[in-house]
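Here is how the chains run, residue by residue.
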Amino acid sequence: MARTKQTKAKRKKLEEESTTTEEESTTTKPQPQPPKNLFSSLLPPPQIRTIVTQYLQDDIPSHFDVGGHVVGNTIQTAELWMKSPGVLAGIPFFNATFDVCGSCQITWEDIAMEGQSYPNASGDNKIKLATVTGPVSHLLRGERTALNTLSRCSGVATLSNECVQIAKSNQWKGLVAGTRKTTPGFRLVEKYGLLVGGAATHRLDLSQMVMLKDNHVWACGGSIERAVKKARVVSGFSQKIEVECQSLAEAMIAAEAGADVVMLDNFEPEQLKKDAKVFKEKFPHVTVEASGGITMETMPDYFSEDVDVISQGKLTQGYDCVDFSLKIVH
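Bear in mind the structure is a predicted one, so any value in this text is a computation, not a measurement.

(A) Highlighting the sheet that holds strand 1 (residues 75–82). Spatially, the 4 strands line up as an open sheet ordered 3-5-1-12, and their pairing is antiparallel. The open sheet terminates on both sides in strands that have one partner only, identified here as strand 3 (105–108) and strand 12 (324–328). Put simply, the sheet's adjacent strands are angled 20° from each other on average, direction ignored. Strand direction decides the pairing type here: strand 1 and strand 12, joined by 5 bridges, are antiparallel. Within the sheet, the bridge partner assigned to leucine 80 lies in strand 12 and is leucine 326. Most of the contacts of helix 4 (residues 91–101) go to strand 3, to which it runs at about 155°, and overall it touches strand 1, strand 3, strand 5 (127–135) and strand 12. Of the strands in this sheet, strand 1, strand 5 and strand 12 are in contact with helix 5 (residues 136–169), which crosses strand 12 at around 165°.

Laid out in structure tokens, this is it:
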């Protein structure tokens, strides 16, 4: 009997402790914060670190940083300000830059969110986004590289988002996409900016999707069918094949040969919509991409329920940079 009472008492004590722990957990558990960079998990840290290290080495090609010697290694703080309107993008690259520089800590403001538009930012209405604390020579060593990546990535995201919003306002259901016309050595940053802005990246490189352009076809004796079938032998089932077409007839040949995507290249808007409709009636499962000289201003002319993708090289070739500054607090 005594042992039974002792067991009950012990059980009651454990239940009380459990209840107390649950209550404490409920009261002290931090509320989840919205992620500041929705796509950062796409970027493997070793890869970003390698890329950013190359950027920094490009900025300091010799091994002496005289300016860093002048300012020394006292711990100071710098503030990141946004000074022109745009969509914020590139936080992972900004963070990685100061991580590589070493001994720096970054604190982002609650309002700093990738994909967020700041239409009222200006030189007279600067928006504080973050503070960076660390040895002052490290701050200044990473300053320009960090701002370069942030301003350009945000520029791509801003232009991409403007185009995406135009598509939505016209109730077009297709995808706005970039192209492979990116800055050498800067492709990952620009492709990331496309995603943050709401656009599709298109293929990331030559190996991600097979694209047979006019040069490929001409180099194969002018036979689209031969080029597609040769590509399919080695790409198998795991890669899509896209063919650049100059006419409806070429698009039909490409689809019959097994292409997954046809690009109607450099078509006039009305001809494009007419041919896309005829094509889709026969090949509804094949993706139709419109491309060639399309800009944000002319893009609405190409909207059609028979066009799945509209790609623009301008998204990574003709964007304006967003203005940021990093200033030492003094």
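Picking up where we left off.
(B) Inspection of a nonpolar patch on the surface at higher detail. A contiguous nonpolar patch, built from Phe64, Val66, Val70, Val71 and Leu140 and spanning about 520 Å² of accessible area, is present on the exposed surface. Among the elements that take part in the nonpolar patch, helix 3 (residues 66–71) stands out by supplying 3 residues, more than any other. On the secondary structure map, leucine 140 appears in helix 5.

(C) Structural context of the nonpolar core. Membership of the largest hydrophobic core comes to 62 residues, with the highest contact counts inside it found for Val176, Leu212, Val243, Val262, Phe279 and Ile310. Per-element accounting of this core gives the leading share, 7 residues, to helix 5. Once residues lying within four places of it in the same chain are set aside, the contact partners of valine 243 are Leu212, Ile224, Val228, Ala254, Ala259, Val261, Val262 and Met263. In this structure, Tyr118, Val322, Phe324 and Leu326 belong to the second largest nonpolar core, which totals 24 residues.

(D) How the structure looks around the packing of helix 8 (residues 224–235) against helix 9 (residues 248–257). Contact geometry for helix 8 and helix 9: axes closest at 9 Å, N-to-C directions at 30°. Relative to helix 9, the element helix 8 is oriented roughly parallel. In terms of crossing hand, the pair formed by helix 8 and helix 9 is right-handed. Here helix 8 contributes Ile224, Glu225, Val228 and Lys229 to the contact with helix 9, which in turn contributes Glu250, Ile253, Ala254 and Ala257. In the contact of helix 8 with helix 9, the residues fall into 5 nonpolar, no polar and 3 charged.

(E) Local environment of the sheet that holds strand 11 (residues 309–311). Ordered by their spatial adjacency, 6 strands build an open sheet running 6-11-10-9-8-7, and the pairing between neighbours is parallel. In the strand order of this sheet, the two ends are held by strand 6 (175–177) and strand 7 (210–212), each with one partner. Averaged over neighbouring strand pairs, the angle between their axes works out to 25° when direction is ignored. Here strand 7 runs beside strand 8 (residues 241–245); their pairing, made up of 3 bridges, is parallel. Its bridge partner lying in strand 8, methionine 211 is registered against glutamate 242. Helix 9 rests against strand 8 and strand 9 (261–265) of the sheet, and its axis sits at about 160° to strand 8.

The rules we used
Residues numbered from 1 in each chain as written. Predicted model: local features only at pLDDT ≥ 70, side-chain atom pairs only at ≥ 80, totals over all residues. Heavy atoms only, no water. Pairing = 2+ DSSP bridges. Helix = DSSP H or I, 4+ residues; strand = E, 2+ residues; numbered from the N terminus. Axes fitted to C-alpha atoms, helices over the stretch in contact; angles between N-to-C directions. Contact = heavy atoms within 4.5 Å. Patch = residues over 30% accessible without salt bridge, like charges linked within 9 Å, V, L, I, M, F, W, Y side chains within 5 Å. Areas by Shrake-Rupley, 256 points an atom, 1.4 Å probe, with all protein chains shown as cover. Salt bridge = Lys/Arg side-chain N within 4 Å of Asp/Glu carboxyl O. Core = buried A, V, L, I, M, F, W, Y, C linked by side-chain atoms within 4.5 Å. Buried < 20%, exposed > 50% of the residue type's maximum accessible area, 1.4 Å probe, protein only. Parallel < 35°, antiparallel > 145°, perpendicular 65-115°, else oblique. Left-handed = near helix turned anticlockwise from the far one by under 90°. Nonpolar A, V, L, I, M, F, W, Y, C, P; charged D, E, K, R; others polar.

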